[in-house]
Amino acid sequence: MATSNATIYLYKGRNKQGKVVQGEVRGANTAAVKAQLRKQGIANANVRKKPKPLFNRSKPIKASDISTFTRQMATMTKAGVPLVQSFEIVAEGTQHEKMRELIEQVREDVSTGLGFASSLRKHPRYFDDLFCGLIDAGEQSGALETMLDRVATYKEKNEALKAKIKKALTYPAAVIVVAIIVTAILLVKVVPVFAEVFANFGAQLPAFTLFVMSISETAQKWWLAVLIAAILAVVGFKEARTRYPKFSDTVDKLTLKLPIIGNIVHEAIVARFARTLSTTFAAGVPLIDSLESVAGSSGNAVFRDAILTVKDDVSTGIQLHTSLKNTGLFPVLLLQLVSIGEESGSLDEMMEKAAVHFEESVDNQVDNLTALLEPFILSVLAVLVGGLLVAMYLPIFNLGAVI
């Protein structure tokens, strides 16, 4: 049985066929590991603790790790493996040290009689109210394996959507950063060398070259201050979003108004809304509670406030599609599907269809955006780097007039 204080040991020995085998195994101490290896038919094993890296900085637990854990637990419980044993198998199979520790802590709580959902609630940093509420509903209804499967699908869809948007934004950002770095190096290191050569020409330099040289002189004097200011701006922005809700809310509003990007973010939030509502409603969570969970997982202050308003409206008897329409934030297709779902009593199915539609729409828009950004980025690189090179070689091209 896995324990939270188990240590990783490296071993090397011979199996029953006399073949040398080696690997790693977890155990409380050297004696326990040797006994475990003997049971596996490995004799005369040389056992030692696995050395820790010089900079032992464990990777943080990400949302994708939680998604993988949920899918693994869903697979185990569907196969009929007892819950505690499922934790042990999943913990043994992960190479993520912090994730393994988290799983073992949950396993220990469950093995002492605490409910699965209650054990997860002790770790709110990784398992939010929506996650715990769905697991709790599965436990109460006796359909934990089904609920785990739904939660795993929900997490996977959300992570895939976020990864798609992140990938589309990361590529142009990375290229632009590289372009800025290359430009800075040229201005600080290369242009001054050309400037020394041009000083001996004894002729008037082109205006474009003089302009670039003046930028280079400024960059040489202030590059460190600009770099520090940029770092402080990024750190300050992140801290302001964390500490000041009003500032964060303003950023969320402005994000939705950005050209192209704003529409992608808008539809991604609508897709998340539909996916979350479908999952919670199918789990038997009352609509009012579902809307509260949806508001918390929307990821945007504008939609959060709008959904909370919808929740209040629905609690007073107003139909869901009417209240959603009054917000002015949700597309017509979603409103029609909600209306059909309310009339037919299949709101969860209609929301599932809406989620699939808007997730595909976001995928297509992200692909189109990436295709459009590539020539734009190449143009930016050509202007920045090519412009500097042209400015430096213009006097050389005119050298014949000087001689």
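Residues numbered from 1 in each chain as written. Predicted model: local features only at pLDDT ≥ 70, side-chain atom pairs only at ≥ 80, totals over all residues. Heavy atoms only, no water.

## Points about the environment of Ile61
Here comes step 1: Here Ile61 is to be found in the loop between strand 3 (43-49) and helix 2 (63-78).
Here comes step 2: Separated by 39 residues in the primary sequence, Ile61 and Arg100 place their C-alpha atoms 10.0 Å from one another.
Here comes step 3: Look past the residues within four positions of Ile61 in its chain and what remains in contact with it is Ile66, His96, Lys98, Met99, Leu102 and Tyr126. (Helix = DSSP H or I, 4+ residues; strand = E, 2+ residues; numbered from the N terminus. Contact = heavy atoms within 4.5 Å.)

## Re the packing of aromatic side chains
Here comes step 1: Inspection of the entire model under this criterion finds seven aromatic pairs.
Here comes step 2: The interplanar angle of 15° and the centroid separation of 6.4 Å between the aromatic rings of Phe69 and Phe87 together place this pair among those described as stacked. Of this pair, Phe69 sits in helix 2 while Phe87 sits in helix 3 (residues 83-93), and the two are 18 residues apart along the sequence. For the pair shown, Phe69 and Phe87 are each scored as buried.
Here comes step 3: Pairing Phe87 with Phe116 gives two aromatic rings, centres 5.3 Å apart and planes at 85°, and the pair type is edge-to-face. Here Phe87, found in helix 3, pairs with Phe116, found in helix 5 (residues 116-121); they are 29 residues apart in sequence, far enough to count as distant.
Here comes step 4: Look at Phe87 and you get buried, because its relative accessible area is 0%.
Here comes step 5: Put simply, the rings of Phe69, Phe87, Phe116, Phe127 and Phe131 touch in pairs and so form one group of aromatic residues. (Phe/Tyr/Trp six-rings, centres within 6.5 Å; stacked < 30°, edge-to-face > 60°. Buried < 20%, exposed > 50% of the residue type's maximum accessible area, 1.4 Å probe, protein only.)

## Let's talk about the pattern of salt bridges
Here comes step 1: This structure, assessed with the given rule, holds 16 salt bridges.
Here comes step 2: A salt bridge links Glu292 to Lys311, with the shortest nitrogen-to-oxygen separation between them at 4.0 Å. Residue Glu292 is found in helix 11 (residues 287-297), and its partner Lys311 is found in helix 12 (residues 301-315); the two are separated by 19 residues along the sequence.
Here comes step 3: Connected through salt bridges with shared partners, the residues Arg71, Lys78, Asp149 and Glu156 form a single ionic network. (Salt bridge = Lys/Arg side-chain N within 4 Å of Asp/Glu carboxyl O.)

## Here we look at a nonpolar patch on the surface
Here comes step 1: Together, Trp223, Leu224, Leu227, Ile228, Ile231, Leu232 and Val235 line one region of the surface with nonpolar side chains, adding up to about 680 Å² of accessible area.
Here comes step 2: Overall, Leu232 belongs to the exposed group, its relative accessible area being 57%. (Patch = residues over 30% accessible without salt bridge, like charges linked within 9 Å, V, L, I, M, F, W, Y side chains within 5 Å. Areas by Shrake-Rupley, 256 points an atom, 1.4 Å probe, with all protein chains shown as cover.)

## Some points on the environment of Asp149
Here comes step 1: Residue position: Asp149 is located in helix 7 (residues 144-198).
Here comes step 2: Along the backbone, Asp149 and Thr77 are 72 residues apart, and their C-alpha atoms lie at a distance of 9.3 Å.
Here comes step 3: Each residue touching Asp149, except ones within four places of it in the same chain, is listed here: Arg71, Ala74 and Lys78.
Here comes step 4: Within the local environment of Asp149, its side chain forms a polar contact with the side chain of Arg71, the two groups lying 2.8 Å apart. (Polar contact = N/O pair within 3.5 Å; in protein donor to acceptor, adjacent residues only side chain to side chain.)

## What about the nonpolar core?
A general tendency of soluble globular proteins is for nonpolar side chains to be buried together.
Here comes step 1: In terms of nonpolar packing, the biggest core is built from 42 residues, with Phe273, Leu291, Leu320, Phe330, Leu334 and Met351 touching the most fellow members.
Here comes step 2: Taken together, the elements giving at least two residues each to this core come down to helix 7, helix 10 (261-282), helix 11, helix 12, helix 13 (320-327), helix 14 (332-344) and helix 15 (347-397).
Here comes step 3: The biggest single contributor to this core is helix 15, with 11 residues.
Here comes step 4: Leu120, Phe131, Met147 and Ala283 belong to the second largest nonpolar core, which has 29 residues in total. (Core = buried A, V, L, I, M, F, W, Y, C linked by side-chain atoms within 4.5 Å.)

## Digging into the layout of surface pockets
Here comes step 1: Put simply, the largest pocket is a space of about 750 Å³.
Here comes step 2: Taken together, 24 residues form the lining of the largest pocket, with Lys162, Ala163, Ile165, Lys166 and Arg272 sitting closest to its centre.
Here comes step 3: Only helix 2, helix 7, helix 8 (207-243), helix 9 (245-257) and helix 10 provide two or more residues apiece to the lining of the largest pocket.
Here comes step 4: The calculated volume of the second largest pocket comes to roughly 540 Å³.
Here comes step 5: If you list the elements that add at least two residues to the lining of the second largest pocket, you get helix 7 and helix 8.
Here comes step 6: In terms of residues, the lining of the second largest pocket owes the most to one element, helix 8, which gives nine residues.
Here comes step 7: Per-class residue counts for the lining of the second largest pocket are 14 nonpolar, one polar and one charged. (1 Å grid on protein atoms, 1.4 Å probe; cavity = no way out; pocket = protein on both sides within 12 Å on 5 of 7 lines; lining within 4 Å. Points joined across faces, edges and corners; volume = space filled by probe spheres on them. Nonpolar A, V, L, I, M, F, W, Y, C, P; charged D, E, K, R; others polar.)

## Thoughts on the confidence of the model for the protein
Note that predicted coordinates carrying low pLDDT should not be read in detail.
Here comes step 1: On average, residues of the protein score 83 in pLDDT, and 94% of them reach the 70 mark or higher.
Here comes step 2: Between residues 1-5, whose pLDDT stays under 50, and residues either more than four places distant or in other chains, the model counts 11 contacts. (pLDDT = per-residue confidence, 0-100.)

## Examining unusual backbone geometry
Here comes step 1: Of note in this structure, Ile260 is not a glycine but carries a positive phi near 65°.
Here comes step 2: With respect to the element layout, Ile260 can be found in the loop between helix 9 and helix 10.

## Regarding empty space enclosed by the protein
In this approach, a probe sized like a water molecule rolls over the atoms, and the result shows the empty space that is left.
Here comes step 1: As enumerated under the stated definition, the model contains one cavity of 30 Å³ or more in all.
Here comes step 2: Its volume calculated, the largest cavity comes out at about 40 Å³.
Here comes step 3: Considered class by class, the residues forming the lining of the largest cavity number eight nonpolar, no polar and no charged.

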